[in-house]
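Listed here are the chains, written in short residue letters.
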Amino acid sequence: MRFLFLLGSSRSGGNTELLARRAAAALPAGVEQRWLHLADHPLAPFRDIRHDEQRYVPPTGNEALLLTETLAATDLVIASPLYWYSVSAATKLYLDHWSGWLRVPGVDFRQRMRGRRMWAVSALNDEDPATADPLVTTLRRSADYLGMRWGGALLGQANRPGDVLRDAAALRAADAFFGPTPPEAGAQDGWVAQPASR
């Protein structure tokens, strides 16, 4: 198994990353982990040329790196803070580039991603986890579109740096998030949305 953690925050070491690292610490020792900050690998604006005479070409640079790492992962963990009720701009741009990868000859992006699993981790400055519904829906539907399995969404409440480490419910959920028996939706801690169906 190979987990790719894509960190979508505009800063390093933020609450979402802290929560993702807490969850990752519970993974078995033999599980490979790869961590990438999207801010460290910026992507060019995505250009939609589907209806032009041009064709999508194999990516280069940061885009090639992200495509290669995405295809190498059995499990894709999107760790994005909740920004304006959805994923961060860097995360959205990464997802936009999926549209091009679907059309690059020879990549077979949809076929190769089918059956892999996507997870979501997010910190939000709201006591109501339903505030993150648009973020969760964006990621879950993106996974569904490629035929990926949905692992679930781990949510924590935080505002200032380090706040999520005081969210005892989110930390409990993190400790079990990638386990064989995920917390159930609507559990008392309230912070795991749509857990995995294994």
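What you are looking at is a predicted structure, and each value in this text was computed from that prediction instead of being measured.

> Looking at this model, I keep getting lost on the nonpolar core. Mind explaining?
Inside soluble globular proteins, nonpolar side chains tend to come together where they are buried. In terms of nonpolar packing, the biggest core is built from 36 residues, with Leu 6, Leu 76, Tyr 94, Trp 98, Phe 109, Met 118 and Leu 139 touching the most fellow members. Of all the secondary-structure elements, those providing two or more residues to this core are strand 1 (2–7), helix 2 (61–72), strand 3 (75–79), helix 3 (89–101), helix 4 (109–113), strand 4 (117–124), helix 5 (133–145) and strand 5 (149–157). Here Trp 98 is in contact with Leu 76, Phe 109, Met 118, Ser 142, Leu 146 and Met 148, once residues within four sequence places are set aside. Ranked by size, the runner-up nonpolar core spans 24 residues in total, among them Ala 20, Ala 24, Ala 79 and Leu 171.

> Even after reading the chapter, I still don't get the pairing of strand 4, so can you show me in this structure?
Residues in a regular strand point their side chains to alternate faces of the sheet. Of all eight residues making up strand 4, eight are buried, and the element is well covered by its neighbours. A two-sided burial pattern is seen for strand 4, the buried positions comprising Arg 117, Trp 119, Val 121 and Ala 123 on one face and Met 118, Ala 120, Ser 122 and Leu 124 on the other. Relative to strand 4, strand 3 runs parallel, the two being bridged by five bridges. Within the sheet, the bridge partner assigned to Leu 76 lies in strand 4 and is Met 118. Relative to strand 5, strand 4 runs parallel, the two being bridged by eight bridges. Across the sheet, residue Ala 120 finds its bridge partner in strand 5, namely Ala 153. One crossover worth recording links strand 4 to the parallel strand 5 by way of helix 5, and it is right-handed.

> Honestly, the packing of aromatic side chains in this entry has me stumped. Any pointers?
The geometry of two aromatic rings is summed up by the distance between their centres and the angle between their planes. Tallied over the full model, the rule gives 14 aromatic pairs. For the pair Phe 5 and Trp 35, a centre-to-centre distance of 3.9 Å together with 5° between the ring planes defines the contact as stacked. Of this pair, Phe 5 sits in strand 1 while Trp 35 sits in strand 2 (residues 32–37); the two residues are 30 residues apart in sequence, bridging distant segments of the chain. Accessibility classification places Phe 5 together with Trp 35 in one group, the buried group. Taking the centre distance of 5.8 Å and the plane angle of 75° together, the rings of Tyr 94 and Trp 101 count as edge-to-face. Like Tyr 94, the residue Trp 101 is buried in the burial classification. Members of the aromatic cluster, connected to one another through ring pairs, are Phe 3, Phe 5, Trp 35, Trp 119, Phe 177 and Phe 178.

> Help me out: how do you make sense of the environment of His 37 in this one?
By secondary structure assignment, the location of His 37 is in strand 2. Judged by its relative accessible area of 16%, His 37 is buried. For the pair His 37 and Gly 100, spaced 63 residues apart in the sequence, the C-alpha separation amounts to 21 Å. The contacts of His 37, once residues within four sequence positions are left out, are Leu 7, Ser 12, Gly 13 and Glu 17.

> What is the right way to read the environment of Thr 131 from this model?
Within the secondary structure layout, Thr 131 lies in the loop between strand 4 and helix 5. With a relative accessible area of 14%, Thr 131 lands in the buried category. Between the C-alpha atoms of Thr 131 and Ser 86, which are 45 residues apart in sequence, the distance is 9.1 Å. Engagement of the side chain of Thr 131 in a polar contact is seen with the side chain of Asp 126, the distance being 3.2 Å.

> Sorry, what's going on with the pairing of strand 1 here?
Summarising burial for strand 1: six of the six residues are buried, a large majority. Alternating residues of strand 1 divide into Arg 2, Leu 4 and Leu 6 and Phe 3, Phe 5 and Leu 7, and every residue in both groups is buried. Here six bridges tie strand 1 to strand 2, and the two strands are oriented parallel to one another. Opposite Leu 4, over in strand 2, you have Arg 34 as the bridge partner. Read as a crossover between parallel neighbours, the route from strand 1 over helix 1 (residues 15–24) to strand 2 is right-handed.

> What's the story with helix 5 in this structure? I'm lost.
Residues that lie three or four places apart on an α-helix share one face, since the helix turns once every 3.6 residues. Spanning 13 residues, helix 5 covers 18 Å between terminal C-alpha atoms, matching the ideal 18 Å at 1.5 Å per step. Buried residues of helix 5: Leu 135, Val 136, Leu 139, Ser 142 and Ala 143, and no others. Within helix 5, the buried residues cover an arc of 135° as seen down the axis, which keeps them to one side. Residues of helix 5 that are buried in the fold lie against strand 3, helix 3, strand 4 and strand 5.

Thresholds applied
- Residues numbered from 1 in each chain as written.
- Predicted model: local features only at pLDDT ≥ 70, side-chain atom pairs only at ≥ 80, totals over all residues.
- Heavy atoms only, no water.
- Core = buried A, V, L, I, M, F, W, Y, C linked by side-chain atoms within 4.5 Å.
- Buried < 20%, exposed > 50% of the residue type's maximum accessible area, 1.4 Å probe, protein only.
- Helix = DSSP H or I, 4+ residues; strand = E, 2+ residues; numbered from the N terminus.
- Contact = heavy atoms within 4.5 Å.
- Pairing = 2+ DSSP bridges.
- Right-handed = clockwise from strand over helix to strand, strands pointing away.
- Phe/Tyr/Trp six-rings, centres within 6.5 Å; stacked < 30°, edge-to-face > 60°.
- Polar contact = N/O pair within 3.5 Å; in protein donor to acceptor, adjacent residues only side chain to side chain.
- Expected span 1.5 Å × (residues − 1).
- Arc of directions from axis to C-beta.

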